[in-house]
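So the chains spell out like this:
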Amino acid sequence: MNSTAHPQPARPQPKKRSEFKVFQHIPTRWMDVDIYGHVNNVQYLSFFDTAVNGWYVENNLLDPVHSREIFLVVETGCHYFAELVFPSIITAGLRIEKLGSTSVVFRVGLFAGEDSVTAAHGRFVHVHVDRESRRPTPISEEKRLLLESLTDQ
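If you're wondering where the values come from, they're calculated on a predicted model, not measured in any experiment.

Conventions used here
- Residues numbered from 1 in each chain as written.
- Predicted model: local features only at pLDDT ≥ 70, side-chain atom pairs only at ≥ 80, totals over all residues.
- Heavy atoms only, no water.
- Buried < 20%, exposed > 50% of the residue type's maximum accessible area, 1.4 Å probe, protein only.
- Helix = DSSP H or I, 4+ residues; strand = E, 2+ residues; numbered from the N terminus.
- Pairing = 2+ DSSP bridges.
- Axes fitted to C-alpha atoms, helices over the stretch in contact; angles between N-to-C directions.
- Contact = heavy atoms within 4.5 Å.

**Student:** Which residues make up the pairing of strand 5 (residues 120-130), and what are the values?
**Tutor:** For strand 5, a buried count of ten out of eleven residues is recorded, marking the element as mostly surrounded by other parts of the structure. Bridging between strand 2 (residues 69-80) and strand 5 involves eleven bridges; their strand directions are antiparallel. When the sheet's bridge partners are listed, C78 is paired in strand 5 with G122. Summarising the sheet, strand 4 (residues 103-112) and strand 5 pair through eight bridges and their orientation is antiparallel. Across the sheet, residue V104 finds its bridge partner in strand 5, namely H126.

Structure, rendered in structure tokens:
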């Protein structure tokens, strides 16, 4: 019998610090740790959210309470390579993989402290929407210029 199975894609590998443009520091909390003694996997996505939105706020792309336009998450995904623990400081690296007219695709890497490779990394996709209607709205040139600083272009 002939096999028609498709080869499995290669497992993603940890990424290096040099693959990211900016970094945010996030302390782990007691509540982040599960019964196995490491940061629970669901917290990794929370760290992604904290890093990306923290960068938006620091760069005046978002005022969470007053901005007319906001960014909503439409997709996330994470690959895990090493455990994160409490207490520690996680360094979250950010890079934009794609900047569309109304969307942004981030690559977020989580590093244990100053480690040179990611303990985890993943995709974090935002759509820029009107706060009231929740409909996509074009990213302004002013915001686009700041976002482009995180691309490889």
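**Student:** Can you explain the sheet that holds strand 1 (residues 22-27)? Please cite residues and give values.
**Tutor:** The strand order across the open sheet built from five strands is 1-3-4-5-2, with neighbouring strands paired in antiparallel fashion. Strands with a single pairing partner mark the edges of an open sheet, and in this sheet they are strand 1 and strand 2. The mean inter-strand angle of the sheet, taken between neighbouring strand axes irrespective of direction, is 30°. Where helix 1 (residues 41-58) meets the sheet, its contacts fall on strand 1, strand 2, strand 3 (89-99), strand 4 and strand 5, and the angle it forms with strand 5 comes to roughly 50°.

Everything listed here is a matter of geometry and, on its own, says nothing about what the molecule does.
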